[in-house]
Amino acid sequence: MTLPILYSLQNCPYAMRARLAILLARQRVMLRPIVMKNKPAKMLAVSPKGTVPVLVLEAETEAGHGAENYDLKLNNQSIIDESLDIMLWALKRNDPQDLLRSQHPDALPEMLKIIEENDKQFKPSLEQYKHAKRFHEDTEEQYRLACEPFIQRLEQRLAQHEFFMGATPSLLDYALLPFVRQFSKVNRQLYLNGPYTHLQHWLNNQLQSRLYAQAMFKYPLWLDTHQEFVLGE
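Residues numbered from 1 in each chain as written. Predicted model: local features only at pLDDT ≥ 70, side-chain atom pairs only at ≥ 80, totals over all residues. Heavy atoms only, no water.

Focus on the overall build of the protein chain
Across its full length, the protein chain holds 10 helices and six strands. What you see for the protein chain is a C-alpha radius of gyration of 18 Å, in line with the 17 Å of a compact globule of 233 residues. Summarising its shape, the C-alpha atoms of the protein chain cover approximately 50 × 45 × 30 Å along the three principal directions. Expressed as a percentage of its 233 residues, the buried residues of the protein chain come to 50%. (Helix = DSSP H or I, 4+ residues; strand = E, 2+ residues; numbered from the N terminus. Rg over C-alpha atoms; globule rule 2.2 N^0.38 Å. Buried < 20%, exposed > 50% of the residue type's maximum accessible area, 1.4 Å probe, protein only.)

Re the pairing of strand β3 (residues 54-58)
In terms of residue burial, β3 counts as a mostly covered element, since four of its five residues are buried. Here strand β1 (residues 5-9) runs beside β3; their pairing, made up of three bridges, is antiparallel. By the bridge assignment, Y7 is partnered in β3 with V54. (Pairing = 2+ DSSP bridges.)

Re the pairing of β1
The buried count for β1 comes to four of five residues, which makes it a mostly enclosed element. Pairing of β1 with strand β2 (residues 29-34) involves five bridges; the strand directions are parallel. Bridge pairing links Y7 to R32 in β2. The parallel pair β1 and β2 is bridged by helix α1 (residues 13-24), and the resulting crossover is right-handed. (Right-handed = clockwise from strand over helix to strand, strands pointing away.)

Observations concerning the nonpolar core
If you look at the biggest cluster of nonpolar residues, it comprises 60 residues, and the most contacted ones within it are L171, L176, F183, L199 and W202. In contact with L199, not counting residues within four places along its chain, are I151, L154, E155, L158, F164, V180 and Y191. Of all hydrophobic cores here, the second largest spans 14 residues; its members include A15, M30, V52 and V54. (Core = buried A, V, L, I, M, F, W, Y, C linked by side-chain atoms within 4.5 Å. Contact = heavy atoms within 4.5 Å.)

As structure tokens, this is what we get:
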């Protein structure tokens, strides 16, 4: 059976969370690492918007697994080119840690709402914060403060339990991990001295995990070698 193909960028937070979910779901995909300055023509052919991650599913691979849910089909192929959709695709196939909280019908909508806030509100502010810090702009503090309400809500959640949704990890932890990581690196000293005790503990544990090391293993670029790599079990 042909494995799905995943086009991925090493440090893109969206690609990172897709890889994390694929590993957590114990799915196997053929990884094609790329860089944005040299996008493969094959990737652009199936996903013209040119962003990562892109998961290419051959139709016959998805027989019986709900391929009809994905309405974009090109040349007998289905694609998923949004990171959250890739996470849900993987975990709905196999979720050994119950990251989707299957027994709690209100949990997934709650997680999706917070992830949407991360992607549509926190992430733009984070990008402005990173840019201001990099170019030594006067707006650095302004954009850091714009990030703070979201970060503080995460801190408050972790003050109550070890992970964002309770005593065990969830989809929310892995969907937000790459973005919290980015925030922690913008002004490292300010972050370490800030009121983020629980968030720091949570992030350190995630970054030191075997899972994170697997997700961040650096493979040669696909266009350099045309060699694919199996990601996942």
